[in-house]
Amino acid sequence: MKQHVLRQTDIDSAVKGFTKKHSLSDGAGLMLLVNSTTSQSWVYRYKVGGVEKRLGLGAYPGVTLTQARKLAQIERGRRADGVDPAAAKVQRKRTGVTFEDAAREYWQTHCQDMAKPSNWIAAMEKDIFPRVGRRAVVDVLPEHLITAFKPIWGREKARKLSQWVNQVITFVSVDDPRVDTQLMDKVKNRLGPQRVQYAHHAAVPWRDIPDLWLALPDTLVGYSMRLLILSAVRVNCVVQAEWSEFDFKEKVWTVPADRMKGWNVPFRVPLTKPMVSILRGAKRFQDQTEYVFESLDAQSRHLSNNAHRLWLHKHKWTDADGRLATAHGLRSSFKDWSDDAGKVDHMLSEHCLQHVKAKGDATARAYFRTDQLERRREVMEAWGEYVTSGARKLIEYDKRQAALDAPADKDGRSLREIEDWARDDGQDDVPGMTEIEATEWARDDSHE
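Residues numbered from 1 in each chain as written. Predicted model: local features only at pLDDT ≥ 70, side-chain atom pairs only at ≥ 80, totals over all residues. Heavy atoms only, no water.

## Brief notes about the overall build of the chain
Put simply, the rule is: Helix numbering and strand numbering both begin at the N terminus, where a helix is a DSSP run of H or I of at least 4 residues and a strand a DSSP run of E of at least 2. Only protein chains enter the area calculation, which uses a 1.4 Å probe; residues under 20% of their type maximum are buried, those over 50% are exposed, and those in between are partly exposed. Residue contacts follow a heavy-atom distance rule, with two residues in contact if any of their heavy atoms lie within 4.5 Å. Surface accessibility follows the Shrake-Rupley procedure with a 1.4 Å probe radius. Residue values consider only the protein chains on display as shielding.
Secondary structure assignment for the chain yields 20 helices and seven strands. Buried residues in the chain amount to 44% of all 448 residues. Summarising the internal contacts of the chain: among those between residues at least 6 apart in sequence, 55% fall at separations of at least 24. Carbon together with sulfur atoms contributes 50% to the accessible area of the chain, which is approximately 25000 Å² in total.

Written out as structure tokens, the structure reads:
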């Protein structure tokens, strides 16, 4: 194989006369990628099991032609010894990586689809990085983690953090077998059972939901919270909803599996009349993206997961014990209504809430083949009727008031004016009349 066919003048000419991206070969797998007049990089190309792989050797001119040839020669030597240069480079990078660097890399690659990815890294920054962040993962010992976990042991936060720390350790151990994958087991053994006491999400009482519905503004937050209430899905399902998920002809909203906690398959939400009405109202806010609740000010381009909670707190909506209500608690409001007023079968209401236990135990789930869409549609229609009952009563009241103010006789007097006259002067002229009789008498001209 002919080597060292590339000359310095070839490189200078390619960079100076750049017109499009291309590569220059020096032979034996060494190449220079010419991406622009200011961006060129060296690559060693080789094959493993018939599959082509590439290993970056550095940017030109920081790495000169002579240096690139020496680096390529070293990698060819590794290939001759049966080593995959790219895999070896990754392992060298992992060796000695600090816990913080590893955690941030894991967070970027594995946690961005979480409902609240910021919570993951914020917890690490507060409780773990100050204790072990600067230590190489391979050097982290149980006692180091014990000092981080001991102050919060027995809280829900510690339960989640222990899982996340273990994920980072496993992530690094793939490329560095020296890492102790049993670290968290040793920490748990030393600190003992957590006995976590779970606190329920503060929920607006179900009897107050019609009042909450009336209080919501005709804004992005208001419309999205109305859909949240009506559908009883989780917050991230609503704020990340896209128009392509809605089938208005079949009256179904299909939530993708990656937004369904533990469900592992898409979930069909029956679209009720109030939901369709809300979506039509929300359409006027959509501009540049496919998100139903678009927020161009946010990095995610959709409404924040915290928007509903912040609104509830700002306007002092509380649960029965006076705790500030949460958006997630609105699912509890639906559940309480379904148990108390809706008289909904327990497992059916669990299915409406997308709880996996609605499918039964492991054996029952193996035979679970229906999503009970039409049965759930009946439940959600009844829930929607209840939620919007306050609004309907207000509309009926407004209609009655409008009817009272409309002209009702040839003199142009309204029914309200006639009734007031009947209660006042008219009734005095005809003793013994009831109020209704006096009103009818006042409408009739025959007595004049």
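## Remarks on the sheet that holds strand β7 (residues 267-270)
Here is the rule we go by: Any two strands with at least two DSSP-identified bridges between them are counted as paired. Note on geometry: axes are lines fitted to C-alpha atoms, helical ones only across the stretch in contact, with angles between N-to-C directions running from 0 to 180 degrees.
Overall, antiparallel pairing links the three strands, which are arranged β5-β6-β7 in an open sheet. Because the sheet does not close on itself, it has two edges, and the strands there are β5 (246-247) and β7. The strands touched by helix α17 (residues 373-387) within the sheet are β6 (252-255) and β7, with β7 carrying the most contacts at an inclination of about 40°.

## Description of helix α6 (residues 142-149)
Most of α6 is tucked away: six of the eight residues are buried. P142, H144, L145, I146, A148 and F149 are the residues of α6 that are buried. On its buried face, α6 sits against α5 (117-132), α7 (156-173) and α8 (183-191).

## Things to note about the nonpolar core
One recurring pattern in soluble globular proteins is that nonpolar side chains are buried together. Under the convention used in this document: Among buried residues, the Ala, Val, Leu, Ile, Met, Phe, Trp, Tyr and Cys ones that are joined through side-chain atoms within 4.5 Å form a nonpolar core.
Judged by nonpolar contacts, the single largest core of 56 residues is most densely connected at L212, W253, F293, F334 and W383. Looking at this core, the element that brings in the most residues is helix α10 (residues 220-231), giving eight residues. Membership of the second largest hydrophobic core comes to 35 residues, among which are C111, M124, W153 and M184.

## As for the packing of aromatic side chains
Basically, it comes down to this: Any two rings among Phe, Tyr and Trp, with Trp reduced to its six-membered ring, count as a pair given centres within 6.5 Å; such a pair is stacked if its planes are under 30 degrees apart, edge-to-face if over 60, and tilted if neither. Any Lys NZ or Arg CZ that is within 6 Å of a ring centre and within 35 degrees of that ring's normal is treated as a charge sitting over the ring.
Here the structure, examined in full by the defined rule, presents 16 aromatic pairs. Here a set of aromatic residues connected by ring pairs shows up, and it is made of W206, F334, W337, W383 and Y386. For R226, the ring lying beneath its charged end belongs to W213, and the centroid distance is 5.5 Å. Geometry around Y223 places R226 over its ring, the cationic atom sitting 5.7 Å from the centre.

## Side note on the packing of α6 against α8
Formally: Angles are sorted into four bins: roughly parallel if under 35 degrees, roughly antiparallel if over 145, roughly perpendicular if 65 to 115, and oblique for all others. Should the near helix be turned anticlockwise from the far one by less than a right angle, the crossing is left-handed, and should it be turned clockwise, the crossing is right-handed. Put simply, Ala, Val, Leu, Ile, Met, Phe, Trp, Tyr, Cys and Pro go in the nonpolar bin, Asp, Glu, Lys and Arg in the charged bin, and everything else, Gly too, in the polar bin.
Contact pair α6 / α8: the axes reach a minimum separation of 9 Å and the direction vectors enclose 60°. Comparing their axes, α8 and α6 come out oblique. Taken as a pair, α6 and α8 cross one another with a handedness that is right-handed. Contact residues: P142, L145, I146 and F149 in α6; L183, M184, K186, V187, R190 and L191 in α8. Among the residues forming the contact of α6 with α8, the class breakdown is eight nonpolar, no polar and two charged.

## Looking at the packing of α10 against helix α13 (residues 307-314)
For the pair α10 and α13, interaxial distance at closest approach is 10 Å and the crossing angle is 100°. Regarding the angle of α10 to α13, the classification is roughly perpendicular. Each of V221, S224, M225 and L228 in α10 lies in contact with α13, whose residues at this interface are A307, H308, W311 and L312. Looking at the contact of α10 with α13 residue by residue, the classes come out as six nonpolar, two polar and no charged.

## Remarks on the sheet that holds strand β4 (residues 51-60)
Strands sit in the order β1-β2-β3-β4 across an open sheet of four strands; the sheet is antiparallel. In this open sheet, the two edge strands, each paired with only one partner strand, are β1 (22-27) and β4. Within this sheet the neighbouring strands show an average axis-to-axis angle of 30°, counted without direction. Bridge analysis of strand β3 (residues 40-48) against β4 gives nine bridges, and the strand direction is antiparallel. From the neighbouring strand, Q40 faces β4, where its bridge partner is Y60.

## Notes on α7
Rule in force here: Multiplying one less than the number of residues by 1.5 Å gives the expected span of a helix.
Spanning 18 residues, α7 covers 26 Å between terminal C-alpha atoms, matching the ideal 26 Å at 1.5 Å per step. Among all positions of α7, only A158, L161, S162, W164, V165, V168, I169, F171, V172 and S173 are buried.

## Thoughts on the environment of G262
With respect to the element layout, G262 can be found in the loop between β6 and β7. For the pair G262 and Q354, spaced 92 residues apart in the sequence, the C-alpha separation amounts to 8.8 Å.

## Focus: the pattern of salt bridges
What counts is decided by this rule: What makes a salt bridge here is a side-chain nitrogen of Lys or Arg within 4 Å of a carboxyl oxygen of Asp or Glu, nothing more.
All chains considered together, the criterion is met by 18 salt bridges. One salt bridge in this structure joins E52 and R54, with 3.4 Å as the shortest N-O distance. Between R376 and D371 there is a salt bridge, and its shortest N-O distance comes to 3.9 Å. We classify D371 as partly exposed; its relative accessible area is 22%.

## Looking at the environment of T66
Considering the arrangement of structural elements, one finds T66 in helix α2 (residues 65-80). The spatial distance from the C-alpha of T66 to the C-alpha of Q8 is 9.7 Å, given a sequence separation of 58 residues.

## Let's talk about unusual backbone geometry
Of note, the bond from Y60 into P61 is cis; its omega dihedral lies within 30 degrees of zero at 5°. For P61, the location among the structural elements is in the loop between β4 and α2. Although it is not a glycine, A232 adopts a positive phi angle of roughly 60°. In this fold, A232 is placed in the loop between α10 and α11 (235-239). A relative accessible area of 1% means that A232 is categorised as buried. A positive phi is found at K343, a non-glycine position, where the angle reads about 55°. Relative to the assigned elements, K343 resides in the loop between α14 (329-340) and α15 (346-352).

## Observations regarding the pairing of β3
Bridge count between strand β2 (residues 30-34) and β3: five bridges; the pairing is antiparallel. Residue pairing across strands places L32 opposite W42, the latter belonging to β3. Counting the residues between successive antiparallel strands, the hairpin from β2 to β3 contains five residues.

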